[in-house]
Every structure is written in C-alpha cells, then in structure tokens.
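Topology and contacts: notes
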Amino acid sequence: MTDFFDRLRRLLGLGPSPEPQPVPPGAPPRREIEERLANSSVPGAALAKVEGGELAWVAGYGRARRGHFVQGRTVFQAASVSKPVTALAVLALAEAGQLDLDGDVRDRLTLDIPVHPVLDHQPGTVGAVTARLLLQHRGGIVGRGTTPAPGGGFRDSTVGGGSLRLIQRPGVRVPSLEDSWHGRDGATGVALTYPPGTRTSYSGAGYLVLQRLIEDVTGSSYRDHLHALFDRLGVSSGSFELRPPPDLPFARGHDSRGKELPGGHELVPWSAAGGLFANATGLAEILMAMLPGGDGPVSDDLLAEMVRHSMGVFGRTEDGQRVFRHGGDNGGYRAIIVGRPATRSGAVVLTNGRAADGTTLRLGLAERIG
C-alpha cells in the first residue's frame, strides 16, 4: 500500500515506509478489514482473538500514524476498557482478603466523600458506599462526581462521565487525584448525589474513588499496583502512565475529521477510569485473566459473579450463554473487549480513530472475530 507519504519519503531519499506485517492464519483478510476502516474513516486497528483461554492470533491493519502501519505490537489508548482492568484489581484484593466488596469504602479511604446538598438525608440513612456498588456504577456518585441536569437535580442513568481527559497543549496542567476529588480541576468534585444502590449511572468519578481505594488499601500508587498485577499475570503490554511506553510503536489518535490529536493522544489522569495504554496482545492477556479456568488472582466463582452482576463489565445473555463486554471512547480512540466465559474465548479491538462510524466499526469487528 502506497500513498502520498510513501512517495514523499522516496523523493527525500528516505526509502519506503515499512511494509505491513503478514496477517496470521485465522485472522480476517487484510483487504476486508482495511476496506471497513476506509469506509469508517478510521486509520488503523489491532485485533486479537482468544480461544480456549489461549491467545489464538493478533493482527494489525491500516495505519498507526503517517508512514507507519499498525503492527501486532502497536500500542493504543484503551480508554474506558480501563474500567474492567480496575475491576480485576479490586476483585483480586477481595480474593486476597484485603478488601470487603460489601464494606463501606468510606471506612478505608483517607479522603472524605461529602454528601451533596441536593441529596436529602438524615444521618445514617444514606447507606454504605461499597466497592461492589461502585464497580456496578450504582454507588451514588453520578458522572464526574456530580453532573447537574437542566432544571435542577442530576442527569439520569443513561448519561454520565467516563474520565477526565486533557488535550495536550503548551502549559497544560495535569490535576492530581486530590484536585479532581475536591473540584479543583474545573469541575464539581466527588460527592454522593443519590443514595447508594438506588440507581445506575455510568460514573468515571466512581472509578476515581476505586482508584483511591486501591491506593489506600495497598499503600502503593494505583499505577505501581496495577503494573505489579500485570507482571504477576505475565501481561506483555499494559501501562497506566500518562504517556505510552517509549519502547513500543504507538498508534496516534485521530479526531472525528481524521486529524491527528495534538501530542498524539489525550492525557488521562483518571487512570482507573480511562488511562490504560496497551497493545492487542497485552489486552488479550488481561482478558484471559477474566475468563474461568486460568491461574489468575480471582477465583472462577468471583469471576462469574463479576459477569452476573456487571461489576466492571456489562454482562448479558446471548444464545443462552453469559457474555461480557466493555467499550472505550477517548478523543482519538475506540476500543472494545468481549468475553465468553463458557467457551473461554473472546475478542479485542483497538482503533485509533473517532469518526462517526467508529462505534459501529468496533462492534462489527468484535462480532467478525467472535
């Protein structure tokens, strides 16, 4: 495949850009996937298939950035697919007896969760804010702490906040977790706006609370704890740093018009909600730790409960079998993981475009590879 940039490289005596890697046996043909990408105005994608609890294949299609093809090793921003990874870490702590999923997290946190004035309550009547409820987006923390709706009150269960994201610009300041918690990052801080367990509202702020909970329970930073978990699982690529690993090829994110994002990607300081960088291999290895029958840190019974009660994933029944999935949508990326516990199989899709058809594309690709 040649384009203007290949020809320019030749004119400048730089030679052609590297050729795309061969598609491995079992993966969809290159032409088919790259036609789908072109029709959706998405530059590139990395796909992975898990079968029987093992990695079956990984393949790259299209372009990571100008003059560079997507490889199997290419790192993408996984966006809200970070949330299932956070859930795995929380469940591992529960499995190890370090955390009670049904205990009030306020007893373990070193930061207070205030009750917003809009929530009428009497002392002792609000109920426990538990890790289980936070994983299910039912912890009473709506959107980015509190997401006001027109006319008063707060947005309903179909609208919420994924994570704080920052465009890379000169002088951009990255707020700390404490800044976001206390509303010093330009948005309303973390607060209870509904009694826990009374409604579902997709909440990146709820996962910010889980991020702090992991730090307070373990005494480590969230990043250090998750990186240690990746080492324990043998995950070959996974990082919660603000920028991608410098030793791996990186897919630059593209906006809805197909332009590369400033700096190549947004900065996501809310690691637990949306800050994961991974390639398709690493994300597939994390997915395998969520499937039963392995030697990961969470028992099969607790993994089944994770799916049955949608803790960190969205569980559903398809063709009589339980399936879980979770998508991700940051400024320049769309991603999804799908797991089928009964067959210990699943799919990973990472793309570096945010065109209008990006969501349809990722779902179609996930269904294509199963």
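Residues numbered from 1 in each chain as written. Predicted model: local features only at pLDDT ≥ 70, side-chain atom pairs only at ≥ 80, totals over all residues. Heavy atoms only, no water.

**What about helix α3 (residues 82-95)?**
Under the 1.5 Å per step criterion, the end-to-end length of α3 is 20 Å for 14 residues, consistent within 8% with the ideal 20 Å. For α3, a buried count of 13 out of 14 residues is recorded, marking the element as mostly surrounded by other parts of the structure. Residue Gly 97 follows α3 closely and has a positive phi angle near 80°. (Helix = DSSP H or I, 4+ residues; strand = E, 2+ residues; numbered from the N terminus. Expected span 1.5 Å × (residues − 1). Buried < 20%, exposed > 50% of the residue type's maximum accessible area, 1.4 Å probe, protein only.)

**Here's the deal with the side chain of Arg 30**
Take Arg 30: it is sitting in helix α2 (residues 30-40). We classify Arg 30 as buried; its relative accessible area is 18%. With near-sequence residues (within four places) excluded, Arg 30 lies in contact with Pro 20, Gln 21, Pro 22, Val 23, Gly 60, Tyr 61 and Gly 62. (Contact = heavy atoms within 4.5 Å.)

**Section: α2**
Among the residues of α2, those classed as buried are Arg 30, Ile 33, Glu 34, Leu 37 and Ser 40. On an axial view of α2, the arc spanned by its buried residues comes to 125°, and they lie on one face. With respect to the buried face of α2, the exposed residues turned more than 90 degrees away are Arg 31, Ala 38 and Asn 39. The inward-facing, buried residues of α2 contact β1 (44-51), β2 (54-65) and α11 (358-369). Immediately beyond the C-terminal end of α2, within one or two residues, lies Ser 41, with a positive phi of roughly 60°. (Arc of directions from axis to C-beta.)

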